[in-house]
Amino acid sequence: MDAGGGDVTAAVRRRPLHYHVDTSRRACNCARAIRGAQTAPFNPSARQGSQRDREWSRKHFKIRAQLTIYGSTLCLCVYSKAKQSNANLMQDHSCSVTRGRTFLVAIAACNAPPVPLDDILIEKTFVPEKCVRAVKVGDYVRYHYNGVFPDGKKFDSSYDRGSTYNVFVGKKQLIAGMDKALVGMCVNERRLVKIPPHLAYGKKGYGDIIPADSILHFDVLLLDVWNPEDGVQIDTYHTPSSCSRKVEVSDYVRYHYNGTLLDGTLFDSSHTRMRTYDTYVGIGWLIAGMDQGLLGMCVGERRIVTMPPSLGYGENGDGSDIPGQASLVFDVILLDLHNPRDGITVTNQKVPESCTRKSATGDFVRYHYNGSLLDGTFFDSSYSRNRTYDTYVGKGYVIAGMDEGLIGVCVGEKRTITIPPHLGYGEEGTGTKIPGSAVLVFDIDIIDFHNPSDNTEVTVIHKPGECDKQTKKGDFVKYHYNASMMDGTSIDSTYNYGKTYNIVLGANQVVPGMEDGLMEMCVGEKRHLVIPPHLGYGERGVPDEVPGSAVLLFDIELVEMEEGLPEGYMFIWNDDVSPDLFAEMDKDENKQVEPSEFTDYIMQQVNQGKGRLAPGFDPNRIIDNMFSNQDRDGDGTITEAEFKLKADEATTHDEL
């Protein structure tokens, strides 16, 4: 068996040992009594030792044995059936052997000289599953170790000093055996290395610490490896499906990262602070390796950036969590990217085929939006409130980027507006939803817009060939309509009720914009009306029907009209007025006209076609109003002195 670089049988035969021979079975317990002993089966007939050793063993014994070595103590337990009597089985050793008798020999050799080694012995006690890089000659390594003698006595340990051992490999900065042992190691690999004296400190030893001709055992754990020629290594493990822009020098970025040493030890993370790292790229605000590692990234991209210490924190580390000469590994996800020179970016998602008007400075716009950060993180939506965002544009009522992005839009247009932070919420952001220096992305849908100076827009769709009369103030009109908003949302329709909508023009029975749209219209004419909110339902709208500040669309058709009375009149005579009008009303001839007498007389004139009440109003209410105007003292009756015709009045009254 090869234990320490030589054949044990040959070594034992060549070197006299101080031993004890005991034929009792108890002697073999020495192998189990030595704690931590290294054991190996010993079979002289196996292919071990020299040819002469094997022939000697086969000649004398059928042997099964167990060899135990612990430091300089050797225990050999032999079970054998002797082929012949031999009093000198091993040179300079005596024991009793009887032919044909099964016997047991136990040899305990204490304070034996160490077994010589020809070369280093390496036992890999842990090998990582993944090894992206193995140590080569010329590499710089950082490793921990425990150094012991074969008897287990410790002579040195990097752990005791609290720092790794850092050195170039293969440049004679180490003992020769360690130089050889480190080659081929992977980060996080662990090796037990036995180094013979001639590859360690040889015959001179090392002061009072390591005696001459000492075999050294090292338990080595590799933590880091790099080469002076290394640059930044980039491993992109997620690429977004679309990438309209990549990081360039002088760009400002926001990113999250986990920072580890090459062995996986975490030293920092932006995730634990729940805040991105925000910085300019390529102008020296970062360590050189990160400056290089961020270039060319897309928003949403994830990459591993590995850098040697020369591009990280160098020989001294950061004085806290990063040791000197440490390779650094950053797991980075880019969340945001802009340049101080950026303006807004507008991407049209939908442009209506017909666009007769585009928004301009001073217009009032109603729009829906979804707001997100550049990485897609949602922060706000008007849809979630089920209400449009309404504002003047170009007047500073909204952030500068949105003010600019809402200029030149059409009703029904959908666009994406990307706003850099200096045109958004700047370095401070807005509390928890929008972080500082964040690029904002708004997907907007223009519902409508108008200008406070707008009037009702009238478009004639159809006009009959003959039109003898046109509507005017005071006329009683009957019309059909379909009402909707600018985005096509239906509001109401008279067709749904199967009847017309009837009003007196100029009587404030409809919104002012409708009054305007019905003027000078012919029966049978059809029009399309666009009514701005200040001529419609204003800022408040109609609850659950018409939103505040909504532009209204009406498609109207005039079905019927009845000519109204002259302005200021509620009743007119079709024939000449009787000179005895008061007397005709005063049926009981008591020189007073009662309300009933007044009502009966007026209705009689209307029914006989001699007079006409203002159309579109309740006749009784009109007559009551007429009576009140004549009852000047308010005593409930009209005297002849109070009674006057309209033509006789110096001031305007709605009366006879």
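Anyway, here's the lowdown on the structure attached to this text. (Residues numbered from 1 in each chain as written. Predicted model: local features only at pLDDT ≥ 70, side-chain atom pairs only at ≥ 80, totals over all residues. Heavy atoms only, no water.)

### Remarks on the pattern of salt bridges
Right, on to step 1. What the rule picks out here adds up to 27 salt bridges.
Right, on to step 2. Residue Asp160 pairs with Lys154 through a salt bridge whose shortest N-O separation is 3.0 Å.
Right, on to step 3. Among the residues examined, Asp160 registers a relative accessible area of 54% and is labelled exposed.
Right, on to step 4. With a relative accessible area of 45%, Lys154 lands in the partly exposed category.
Right, on to step 5. Asp336 is paired through a salt bridge with Arg254; the nearest N and O atoms lie 2.9 Å apart. Placement of Asp336 in strand 17 (residues 328-338) and of Arg254 in strand 13 (residues 252-261) is noted, with a sequence separation of 82 residues between them.
Right, on to step 6. A relative accessible area of 4% means that Arg254 is categorised as buried.
Right, on to step 7. If you follow the salt bridges from partner to partner, you end up with Lys469, Lys472, Asp475 and Glu563 in one network. (Salt bridge = Lys/Arg side-chain N within 4 Å of Asp/Glu carboxyl O. Buried < 20%, exposed > 50% of the residue type's maximum accessible area, 1.4 Å probe, protein only. Helix = DSSP H or I, 4+ residues; strand = E, 2+ residues; numbered from the N terminus.)

### Some details on the layout of surface pockets
Right, on to step 1. The space that makes up the second largest pocket amounts to roughly 710 Å³.
Right, on to step 2. What lines the second largest pocket is a set of 28 residues, and nearest its centre among them are Val132, Leu262, Ile304, Thr306 and Val329.
Right, on to step 3. For the lining of the second largest pocket, the secondary structure elements donating two or more residues are strand 11 (216-226), strand 12 (233-238), strand 13, strand 16 (302-307) and strand 17.
Right, on to step 4. Counted by class, the lining of the second largest pocket contains 15 nonpolar, eight polar and five charged residues. (1 Å grid on protein atoms, 1.4 Å probe; cavity = no way out; pocket = protein on both sides within 12 Å on 5 of 7 lines; lining within 4 Å. Points joined across faces, edges and corners; volume = space filled by probe spheres on them. Nonpolar A, V, L, I, M, F, W, Y, C, P; charged D, E, K, R; others polar.)

### Concerning the packing of aromatic side chains
Right, on to step 1. Scanning all chains against the criterion turns up 32 aromatic pairs.
Right, on to step 2. Summarising the aromatic geometry, the rings of Tyr255 and Tyr257 are spaced 6.0 Å apart at their centres and angled 50° between planes, so their arrangement reads as tilted.
Right, on to step 3. Taking relative accessible area as the criterion, Tyr255 reaches 3% and is therefore assigned buried.
Right, on to step 4. The exposure class assigned to Tyr257 is buried, which follows from its relative accessible area of 7%.
Right, on to step 5. With a centroid separation of 5.8 Å and 70° between ring planes, the pair formed by Tyr369 and Phe442 is classed as edge-to-face. In this pair, Tyr369 is assigned in strand 19 (residues 364-373) and Phe442 in strand 23 (residues 440-450), connecting sequence segments 73 residues apart.
Right, on to step 6. Under the relative-accessibility criterion, Tyr369 is labelled buried at 7%.
Right, on to step 7. Given a relative accessible area of 6%, Phe442 falls into the buried group. (Phe/Tyr/Trp six-rings, centres within 6.5 Å; stacked < 30°, edge-to-face > 60°.)

### As for the state of the cysteines
Right, on to step 1. One pass over the full model with this rule turns up four disulfides.
Right, on to step 2. Two residues share a disulfide in this structure: Cys131 and Cys186, whose sulfurs sit 1.9 Å from each other. Since a negative S-S torsion denotes a left-handed disulfide, the Cys131-Cys186 link at about -95° is left-handed. Here the residue Cys131 occupies a position in the loop between strand 6 (121-126) and strand 7 (140-148), and Cys186 occupies one in the loop between helix 5 (176-182) and strand 10 (190-195), the gap between them amounting to 55 residues.
Right, on to step 3. For Cys131, a relative accessible area of 36% translates into the label partly exposed.
Right, on to step 4. Residue classification places Cys186 among the buried residues on the basis of a relative accessible area of 8%.
Right, on to step 5. One disulfide bridge connects Cys355 with Cys410, the sulfur atoms lying 1.9 Å from each other. Looking along the S-S bond of the Cys355-Cys410 disulfide, the torsion reads about -95°, which is the left-handed sense. Pair noted here: Cys355 is in the loop between strand 18 (345-350) and strand 19 and Cys410 is in the loop between helix 8 (400-405) and strand 22 (414-419), with a separation of 55 residues, a long-range link.
Right, on to step 6. For Cys355, a relative accessible area of 29% translates into the label partly exposed. (Disulfide = S-S within 2.5 Å.)

### Description of the pairing of strand 14 (residues 266-269)
Right, on to step 1. The pairing of strand 13 with strand 14 spans three bridges and is antiparallel. Paired with Asn258 across the two strands is Ser269, which belongs to strand 14.
Right, on to step 2. Remark: four residues form the turn of the hairpin made by strand 13 and strand 14, two consecutive strands paired antiparallel; Gly264 in that turn has positive phi of roughly 95°. (Pairing = 2+ DSSP bridges.)

### Focus on the nonpolar core
Right, on to step 1. Among the nonpolar cores identified, the biggest contains 26 residues, and Val141, Tyr143, Met178, Leu182, Ile195, Phe218 and Val220 are the most heavily contacted of them.
Right, on to step 2. Counting residues per element, the ones that place at least two in this core are strand 7, helix 5, strand 10 and strand 11.
Right, on to step 3. Ranked by residues supplied to this core, first place goes to strand 11 with five residues.
Right, on to step 4. Discounting residues that sit within four places of it in the chain, Tyr143 has contacts with Ser158, Thr164, Tyr165, Val167, Leu174, Met178, Leu182, Val220, Leu221, Leu222 and Leu223. (Core = buried A, V, L, I, M, F, W, Y, C linked by side-chain atoms within 4.5 Å. Contact = heavy atoms within 4.5 Å.)

### Things to note about the environment of Asp156
Right, on to step 1. The residue Asp156 is located in strand 8 (residues 154-157) in this model.
Right, on to step 2. Taking the relative accessible area as the measure of exposure, Asp156 reaches 26% and is therefore partly exposed.
Right, on to step 3. In contact with Asp156, not counting residues within four places along its chain, are Tyr145, Asn146, Gly147 and Arg161.
Right, on to step 4. Reaching out from Asp156, the side chain makes a polar contact with the side chain of Tyr145 at a distance of 2.4 Å.
Right, on to step 5. A polar contact of 2.7 Å, which involves the side chain of Asp156, links it to the side chain of Arg161. (Polar contact = N/O pair within 3.5 Å; in protein donor to acceptor, adjacent residues only side chain to side chain.)

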